[in-house]
Amino acid sequence: MPSAPEQLSATSFHSPGEVLALISSGAARTRADIARLTGLARSTVSSRVDALIAHGFVDEAAEGGSTGGRPPRRLALRTGGHTVAGVDLGASHCRVVLRDIGGAVLAVQEDPLFIADGPDPVLRHVERTLRVLTEEAGRPPGTLRSIGVGVPGPVEFSTGRPVDPPIMPGWHHYPIPDFFAARLGVRALVDNDVNVMALAEQRQAFPDCRFLLHIKVGTGIGCGIIADGRLHRGAQGSAGDIGHIRVTERDEPCRCGNTGCLEAVAGGSALAAELSRLGRTAATGSDVVRLAQSGDREAVRLVREAGRAVGEVLAGLVNFFNPDTVTVGGALAAAHDPLLAGLREVVYRRSHPLATRVLRIEPSRTQQNAAALGAAILATEHALSPAQVDRAVTTGRG
């Protein structure tokens, strides 16, 4: 809600979609509020609100408490006829969350699923899951407005196509949005999983934070960036790929072809391989966490050293970007005590005092739900965008 000037220009909020943005944000609760904020004539406000009511976006009801005369009528976002889905595709799992556009979770399902099986079997599984969840939630398929999808690899966000994803064979340039448009008739927005994780952290856990970094430490290592309250993807969608920044004085070979990359030093697979060489049974980052949580000294030591390596890269990001919040998630974050101890140790030592004055570094609050929730938020923000709402009002289609 704008704070100054109190009244916006009439041309700023002239469409039904822009009026809905005022209602859904809580800035406007009545028709009089809309007129005051926008400067629109009462007749114009009425036509916009009536169109939103007719197309199922808004409810208007009398509110109690009137001391005389006509009771005030309150406007509210109508959530019942509009659903969105968030899809988290990991290396070995698929989590789908169905929500209404007000943010209420209607259904959740997680299944083992290998991204390396390729796009056709994986996306068909997602389609089947969505159909089952909408039926179980009692929502007709036609109420689904959009789908958000997070994948574990680089994505060209403008097209929704993965680009050379290292652990997703067969997915390079695959048109994921086209798959869902053809089968479900809705728009799918596809992004890197750490980007949607950052969106979930900021929107769900730190809504007052404007500058946030979310670090995912798993098999790979990435960073989601919230800049002035918005997700920052860079020119082509590859912003935040910190896993291939070189860590000083390290020469471990990386799958990207270089040496000394952060992922090759501190990623879950790298730590599992080192523990295996030390005689432990460890094949994945989850095994590393299990050993660390059981008190294995070598596992705890390696996790803390991984935290220091991540902290070395993060210290530069803190100096450059000056976030007020850093959250840490991913498989290795389950062993957050030694990981965060090592990370904080380096960041607070190597970053400028002004950059760390109010900086907080915390474990993820959305945890394993981060990617699915973030993808659902991405879908919701698309479904409620003024352009999309105007299109629905004009054509009768969401």
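This one's a predicted model, so the numbers in the text were calculated from it and none came from an experiment.

### Brief notes about the overall build of the chain
The helix and strand tally for the chain stands at 14 helices and 14 strands. Computed over C-alpha atoms, the radius of gyration of the chain comes to 23 Å, within 12% of the 21 Å expected from 2.2 N^0.38 for 398 residues, which places it in the range of a compact globule. With respect to the principal axes defined by its C-alpha atoms, the chain has extents near 80 × 50 × 35 Å. Sequence-distant contacts, at least 24 apart, represent 61% of the contacts inside the chain between residues at least 6 apart. Total accessible area computed for the chain in this model is approximately 18000 Å², and 50% of it derives from carbon and sulfur atoms. Taken together, the 42 basic and 41 acidic charged side chains of the chain have centroids lying 4 Å from each other.

### Re the confidence of the model for the chain
Detailed conclusions should not be drawn from predicted coordinates in areas where pLDDT is low. Residues at a pLDDT of 70 or more form 94% of the chain, whose mean pLDDT is 91. When the criterion is pLDDT under 50, residues 1-12 qualifies, and its contacts beyond four places in sequence or with other chains add up to 19 contacts.

### As for helix 10 (residues 297-321)
Given a rise of 1.5 Å per residue, 25 residues ought to cover 36 Å, and the 35 Å separating the end C-alpha atoms of helix 10 matches this to within 8%. Two or three places before Glu298, at the opening of helix 10, Asp296 has a side-chain oxygen 3.0 Å from that residue's backbone nitrogen. Count one or two residues on from helix 10 and you reach Asn322, which has phi positive near 55 degrees.

### Digging into the environment of Leu130
Mapped onto the fold, Leu130 is located in helix 4 (residues 119-136). On the basis of relative accessible area, Leu130 is assigned to the buried category, the value being 2%.

### Overview of the nonpolar core
Counting residues in hydrophobic clusters, the biggest one holds 41 residues, and the most contacted among them are Ile215, Leu262, Leu314 and Val328. Elements with a minimum of two residues in this core: strand 10 (212-217), strand 11 (221-227), helix 7 (262-266), helix 8 (268-277), helix 9 (285-293), helix 10, strand 13 (325-329) and helix 11 (336-350). For this core, the element with the highest residue contribution is helix 10, accounting for 10 residues. Sequence-distant contacts of Leu314, that is, excluding residues within four places in its chain, are made with Leu213, Ile215, Val326, Leu343 and Val347.

### Comments concerning the sheet that holds strand 13
Taking strand neighbours across the sheet as the criterion, the 5 strands line up as 12-11-10-13-14 in an open arrangement whose pairing is mixed. Strands with a single pairing partner mark the edges of an open sheet, and in this sheet they are strand 12 (230-231) and strand 14 (360-363). Where strand 10 and strand 11 come together, 6 bridges link them in antiparallel fashion. Bridge pairing in strand 11 places Leu213 opposite Ile225. Running at roughly 165 degrees to strand 14, helix 11 makes contact with strand 10, strand 13 and strand 14 of the sheet.

### Considering the packing of aromatic side chains
Throughout the structure, instances matching the rule amount to 3 aromatic pairs. Here Trp171 and Tyr174 contribute two aromatic rings whose centre-to-centre distance is 6.3 Å and whose plane-to-plane angle is 65 degrees, an arrangement assigned as edge-to-face. Take Trp171: its relative accessible area is 0%, and that puts it in the buried class. Seen from their ring centres, Phe211 and Phe321 are 5.9 Å apart, and the 65 degrees between their planes marks the pair as edge-to-face. Taken as a pair, Phe211 in the loop between helix 6 (193-205) and strand 10 and Phe321 in helix 10 lie far apart in primary sequence, 110 residues in all. In this structure Phe211 comes out as partly exposed when scored by relative accessible area, which is 31%.

What counts and what doesn't
Residues numbered from 1 in each chain as written. Predicted model: local features only at pLDDT ≥ 70, side-chain atom pairs only at ≥ 80, totals over all residues. Heavy atoms only, no water. Helix = DSSP H or I, 4+ residues; strand = E, 2+ residues; numbered from the N terminus. Rg over C-alpha atoms; globule rule 2.2 N^0.38 Å. Contact = heavy atoms within 4.5 Å. Areas by Shrake-Rupley, 256 points an atom, 1.4 Å probe, with all protein chains shown as cover. Lys, Arg positive; Asp, Glu negative; His and termini not counted. Charge placed at Lys NZ, Arg CZ, Asp CG, Glu CD. pLDDT = per-residue confidence, 0-100. Expected span 1.5 Å × (residues − 1). Polar contact = N/O pair within 3.5 Å; in protein donor to acceptor, adjacent residues only side chain to side chain. Buried < 20%, exposed > 50% of the residue type's maximum accessible area, 1.4 Å probe, protein only. Core = buried A, V, L, I, M, F, W, Y, C linked by side-chain atoms within 4.5 Å. Pairing = 2+ DSSP bridges. Axes fitted to C-alpha atoms, helices over the stretch in contact; angles between N-to-C directions. Phe/Tyr/Trp six-rings, centres within 6.5 Å; stacked < 30°, edge-to-face > 60°.

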